[in-house]
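Tertiary structure, described
Residue strings, one per chain:
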Amino acid sequence: MNVKAIREQFPILNQEINGHPLVYLDSSATSQKPLSVIKAVEDYYKQDNSNVHRGVHTLGTRATDKYEGARDKVRKFINAESTQQVIFTRGTTTSINTVAYSYARANLAEGDEIVITPMEHHSNIIPWQQAAKATGATLKYLPLRPDGTIDIEDAKNTITDKTKIVATMHVSNVLGTINPVKEIARIAHEHHAVMLVDGAQGVPHMQVDVQDLDCDFYAFSGHKMCGPTGIGVLYGKKELLEDMEPVEFGGEMIDFVNLYDSTWKELPWKFEGGTPIIAGAIGLGAAIDFLQEVGMDNIHAHEEKLIDYAMKQMRSFDGISIYGPEKRAALVTFNLDDVHPHDTATVLDSEGIAVRAGHHCAQPLMKWLEVTATARASFYLYNTPEDVDRLMEGLKKTKEYFGDVF
Amino acid sequence: MSFDNLDTLYRQVIMDHYKNPRNRGTLADDALTIDMNNPTCGDRIQVHLQVDDGIVQDAKFEGEGCSISLSSASMMTQAIKGKAVDDALKMSKMFSGMMLGEEMENEDLDLGDIEALQGVSKFPARIKCATLAWKAMEKGVGEEQ
């Protein structure tokens, strides 16, 4: 993998921040966009912009072809059987909410259980809290091991015949834990529960095969995988999606509208009420082309090397707490002793290094870790070992700066 | 190496308040207690106010946070103690203005140490840290009035 050539595709990386070359270590929040994605969106608006699915005119046909073409790219990318199972949404949050509103409310009753984990992002907690409140079902947490991983034995003990829905993230945005979602899905199915995977941190970084995982729903966002913001995907098993009621009603999603009753379009369009996110979907399609050209296996291998390099240095750094397991995705969450992560992030920013600081939309996990906030550096295909070196230098400076003060 | 830019943010006096916070603690049960979160980072602050006859008799704070939010809380409690509620609110307004980079002009009210936080206005991401304790105070006094 030629990282130098890849970096040239990301013009945003080629700039100075506070007098230093930018080191972008916040891809878990949102990734940067390559030229091909920016151009695909631009070309669509310059040449093909039109509403989809009603095109008698040529632009309408072109827009529809591009939009539906993007859907097929997603289908191939995650190995779904059919494009009917690929629903375009606003992002992971909307994807999970669609299931929590439609599937959960129709299938849950008092006495039923929803099982999630304490490491979930708020977007995979709150929809289930609300679904539990609305249906009288119970929300149950699968415990974490001290290193922030899930023990399959714990999953076997927590998931019971009362469990109707199991929802967990593929990869933790804080701990970097890669969860055994395939095994958890198998346990869920033994109890006739459905399994939803929050793949926001999975799909961008590894080859995901939804049929192999055998999950019932898989949710992810475009903007974390080099695509635009505002576009995401909900994959679902066909028989489940077919039985589900739409969540949004209006234009585009109808088959026939009478005065007092209406019928819905077939899958996937019944879930895409209103003018869809056409440019976003096209941009996501271009992002998939880009990632596939580089190769997901190459990206994964590159990230593994980077995180190994980063962890080695982090572990030998004096006065640092690192959160998460040994084997992890390409991100590291940490705190410097006696320095608040906000202050760490500000000092790093003054050195041109962008990291995240805060609760990472995972307040229950912060509680589990017994911290209020942490700093996080996350890596992607365009990051280099030099970026890691710059981070370590920045951390040294942070320590010096705050050490001097105290 | 130069940290000139950072020094605008982290002035010595700020670090002093961070390291040696004034008025850290709680007040008697009948005092006002206001909880305030900084939703961007999860930091929490609790401000305690004893208000009698329109005067802030005592002010304390507790909580976890970054150097900016805790030093600001320390300075805030110091500044409003003994002040009339109206003046405390005026100071809060001045402080908000200062965060927006406005010049402060009020000869009657001396913000004292607080002026050290002026540099925060150049770090937009940190303004919420600085205003947290003031917002809590405003909320408490507002409930009282």
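Quick caveat, the model's predicted, so the values are computed rather than measured.

1. As for unusual backbone geometry
Residues and elements named next belong to chain A. Residue Pro268 is bonded to the preceding Leu267 through a cis peptide linkage, with omega at -5°. Position of Pro268 relative to the elements: it lies in the loop between β12 (262-264) and α10 (278-294). For His192, which is not glycine, the phi torsion reads 60° and is therefore positive. Residue position: His192 is located in the loop between α7 (181-190) and β8 (194-198). Phi is positive for Cys361, which is not a glycine, with a value near 55°. Turning to its location among the elements, Cys361 is positioned in the loop between β16 (356-358) and α13 (363-369).

2. Details of the packing of helix α2 (residues 12-19) of chain B against helix α3 (residues 67-80) of chain B
All names here are of chain B. At a minimum axis distance of 8 Å, the contact between α2 and α3 shows a crossing angle of 85°. Comparing their axes, α3 and α2 come out roughly perpendicular. Residue-level contacts link Ile14, Met15, His17 and Tyr18 of α2 to Ser67, Leu70, Ser71, Ser74 and Met75 of α3. Its residues assigned to classes, the contact of α2 with α3 shows five nonpolar, four polar and no charged.

3. Focus on the UniProt feature "domain: Aminotransferase class V" (unreviewed entry) in chain A
Mapped onto the present numbering, the UniProt feature "domain: Aminotransferase class V" (unreviewed entry) falls on residues 23-391 of chain A. With 40% helix and 17% strand, residues 23-391 of chain A has end C-alpha atoms that lie 8 Å from one another.

4. A look at the sheet that holds strand β1 (residues 32-38) of chain B
Residues and elements named next belong to chain B. The strand order across the open sheet built from three strands is β1-β2-β3, with neighbouring strands paired in antiparallel fashion. Of all the strands in the sheet, just β1 and β3 (55-64) have a single pairing partner and so form its edges. Strand-to-strand twist in this sheet, taken as the mean axis angle between neighbours without regard to direction, amounts to 20°. Bridge count for strand β2 (residues 43-52) against β3 is nine bridges, and the pairing is antiparallel. Each residue of the ladder has a partner; that of Leu49, found in β3, is Ala59. The strands touched by α3 are β1, β2 and β3; relative to β3, the strand with the most contacts, the crossing angle is about 170°.

5. Examining the nonpolar core
One finds Met195(A), Leu196(A), Cys215(A), Ala133(B) and Met137(B) to be the most contacted residues of the largest nonpolar core, which totals 161 residues. The biggest single contributor to this core is α10(A), with 11 residues. In this structure, this core is formed jointly by two domains, domain 1 (3-25 + 296-400) and domain 2 (37-293) of chain A, each of which donates at least three residues. Setting aside residues up to four positions removed in sequence, Met137(B) forms contacts with Val47(B), Leu49(B), Met76(B), Ile80(B), Ala88(B) and Ser92(B).

6. Topic: the interface of chain A and chain B
Across the boundary between the two partners, chain A contributes 18 residues, which contact 19 residues of chain B. Those elements giving two or more residues to the side of chain A that touches chain B turn out to be α12 (341-350), β16, α13 and α14 (385-405) of chain A. Residues of the side of chain A that touches chain B, tallied by class, amount to seven nonpolar, nine polar and two charged.

7. Some words on the environment of Asp53(B)
Structurally, Asp53(B) is set in the loop between β2 and β3. Counting along the chain gives 13 residues from Asp53(B) to Thr40(B), while the straight-line C-alpha distance between them is 36 Å.

8. Remarks on the domain arrangement of chain A
Residue and element names in this part refer to chain A. Splitting chain A by domain gives domain 1 (3-25 + 296-400) and domain 2 (37-293). Relative to domain 2, the C-alpha centre of domain 1 lies at a distance of 28 Å. Every contact between the two is made by 21 residues of domain 1 and, on the other side, 22 residues of domain 2. Looking at the side of domain 1 that touches domain 2, the elements that each hand over two or more residues are α11 (296-315), β14 (331-336) and α13. For the side of domain 1 that touches domain 2, the leading source of residues is α11, giving five residues. Here the residues of the side of domain 1 that touches domain 2 sort into 13 nonpolar, four polar and four charged.

Reading the values: the criteria
Residues numbered from 1 in each chain as written. Chains lettered and ligands numbered in written order. Predicted model: local features only at pLDDT ≥ 70, side-chain atom pairs only at ≥ 80, totals over all residues. Helix = DSSP H or I, 4+ residues; strand = E, 2+ residues; numbered from the N terminus. Axes fitted to C-alpha atoms, helices over the stretch in contact; angles between N-to-C directions. Parallel < 35°, antiparallel > 145°, perpendicular 65-115°, else oblique. Contact = placed C-beta atoms within 7 Å. Nonpolar A, V, L, I, M, F, W, Y, C, P; charged D, E, K, R; others polar. UniProt positions renumbered as here; feature names shortened; annotations may be inferred. Pairing = 2+ DSSP bridges. Core = buried A, V, L, I, M, F, W, Y, C linked by C-beta atoms within 7 Å. Buried ≥ 20, exposed ≤ 12 C-beta atoms within 10 Å, placed from the backbone. Domains from an automatic or database assignment.

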